[in-house]
Amino acid sequence: MKGLLIKDYKLLMLQKRTFLLMVLVAVCMNFAMRENALFIIGYLTFFAALVANTTLSYDEYGNGVLFLLTLPVTGKTYVRSKYVGNLLLLLTFWLASAVLEAVLYTVQGMQFFTTETMIGICSILPCSLIFVDFMIPLVLRFGQEKGKLVWAAVGGLIFVIIAALKALSEAGRLEALKQLFGKMAQHGVIMTVCIIVLSLLGLAVSYSFSVKVMEKKSF
Amino acid sequence: MLKLTNVHKKYKDFTLDCSMDLLPGRITGLIGRNGAGKSTTFKVALGLVRPDGGDAEVFGKPVEMLTAQDKQRIGVAFADAGFSEYLTITDIAPVLAAMYPSVTEKAFLEQCSRMELPLQKKIKEFSTGMRAKLKVLIALNHEADLLILDEPTVGLDVVAREEVLAMIREYMAAHEQAGILISSHIATDLESLCDDLYLICDGKIVLHEDTDVLLSAYALLKVPEDRYQTLDKQYILRSKKESYGYACLTDKKQYYRENEPDLVMENGSIDELILMMNGGRE
């Protein structure tokens, strides 16, 4: 797996200018949108999740996956390298952006280490992980192009579900659920723990689905 | 070393049905027209395509059970697959060094320099010959026991082709117990390289023969139409209608030389073999 991670690192380094640009934009946004650390950390972490997926596109191009599987790499190792690589990149960007924000806040004489901000920062990582949980198996199963369509369909489905929930809520049929969420919202830590548990469960399901996809794949 | 037994794979418009055996210390060629099933056979042998039936074994192990350690003993080059073209050789070297215990970054870069491959240039900027050399070098650089080379010389000019073939010959000379399975539709490449040849037509192995036998015992008889009816056909493998009568492929050249001395006879060549096995009738 080390070899695959090195390869992905080399591929990601092809986009180092984009990385720098994004960080610059984040720094500028920081000055333009004062006291909005969560937005900027979220922006950079989700950007990392998007960029991490480009290594799948590079592999897909020119029968790259087929070639990689002729090396001492099994389908399972390939999948594992994608999850590990994605997680490492997410974690790096999340940590780096949090440190960057802490520094920028301190320089500007603003309060960074508040409970609310810390809870928010802790929720960003699992939220972006949920995106990865969907993206990797979709791209492996359908390819980058079709994967985007399926991703759009998933987005549409989520929108429909939210709209349906809203309609039900307005009709007064979700009172019990609303009360539950209301209580959870009052306890930010519980909410964050729920998101973390959900994203880890999603990660386990996503990983085992991706392994199955690779094991069944013919080239 | 590599054994395919009654491997069967059905696609919408193509069916692969083949058996083959690659022995240590031999270079085995797989020849056939484009679309005959050469690449599919290779993919089955590497576990990249799951057959509907039959057995594919490498090093005596079912191919689906191969571990990363087993795969370290295999070197593969596919004509249409490789590392991302956005990478350079300098990028690839640490990847290979991490995957194969016998490879070091320095040694691989030195090998590439010796082959006059640019180390800092992206692969997409390489010439066809450079790409082919790099692919074969990647397959050869880790002392593999089994090499699977799919059309390693396709699209190359004479000089580049000879360089690639020389790499394979040198490898075999230095690794006498290694086995190589190689495909090409350039017959002369395989005539000079292979110990034995499999001919595949429409997904089926129609012939397996030692190259020496093929070149010494096979011949093409040019038979006038009036002689064809009375010709002793017991050793005729295929016949094909031609303007002068019939072209007949035999694997018993000496028999016809002795019994039909007046017939025009051409020595067997792989190109003729492909043509006759594809266009001729039994």
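For the structure, check the block above.
Below or above, wherever it landed, is the structure these notes cover. In this text the structure is predicted, and so the values were computed from the model without any measurement.

What counts as what
- Residues numbered from 1 in each chain as written.
- Chains lettered and ligands numbered in written order.
- Predicted model: local features only at pLDDT ≥ 70, side-chain atom pairs only at ≥ 80, totals over all residues.
- Heavy atoms only, no water.
- Salt bridge = Lys/Arg side-chain N within 4 Å of Asp/Glu carboxyl O.
- Helix = DSSP H or I, 4+ residues; strand = E, 2+ residues; numbered from the N terminus.
- Buried < 20%, exposed > 50% of the residue type's maximum accessible area, 1.4 Å probe, protein only.
- Core = buried A, V, L, I, M, F, W, Y, C linked by side-chain atoms within 4.5 Å.
- Contact = heavy atoms within 4.5 Å.
- Pairing = 2+ DSSP bridges.
- Axes fitted to C-alpha atoms, helices over the stretch in contact; angles between N-to-C directions.

1. Some points on the pattern of salt bridges
Residues and elements named next belong to chain B. Throughout the structure, instances matching the rule amount to 19 salt bridges over all chains. A salt bridge links Arg131 to Glu85; the nearest nitrogen and oxygen atoms lie 2.6 Å apart. Of the two residues, Arg131 is situated in helix α5 (residues 128-140) and Glu85 in the loop between β6 (74-77) and α3 (89-99); the sequence distance between them amounts to 46 residues. Given a relative accessible area of 24%, Glu85 falls into the partly exposed group. Two residues, Lys241 and Glu225, come together in a salt bridge whose shortest N-O distance is 3.3 Å. You can see Lys241 sitting in strand β12 (residues 236-242) and its partner Glu225 sitting in helix α9 (residues 225-228), a full 16 residues away along the chain. Take Lys241: its relative accessible area is 45%, and that puts it in the partly exposed class. Overall, Glu225 belongs to the partly exposed group, its relative accessible area being 41%.

2. Description of the nonpolar core
One finds Tyr78(A), Leu2(B), Leu4(B), Phe83(B), Phe108(B), Leu134(B) and Ile182(B) to be the most contacted residues of the largest nonpolar core, which totals 138 residues. Apart from residues no more than four positions distant in its own chain, Leu2(B) is found in contact with Met20(B), Asp21(B), Leu22(B), Ala45(B), Glu57(B), Val58(B), Leu146(B), Ile148(B) and Leu181(B). If you look at the next biggest cluster of nonpolar residues, it comprises 9 residues, including Val223(B), Leu231(B), Tyr246(B) and Leu263(B).

3. Here's the deal with the sheet that holds strand β11 (residues 219-224) of chain B
All names here are of chain B. An order of β12-β13-β11-β14 is seen for the 4 strands of this open sheet, with the pairing classed as antiparallel. The open sheet terminates on both sides in strands that have one partner only, identified here as β12 and β14 (264-267). Going across the sheet, the axis of each strand differs from the next one's by a mean of 25 degrees, ignoring polarity. Note: β11 against β14, 4 bridges, orientation antiparallel. Its bridge partner lying in β14, Lys222 is registered against Val264.

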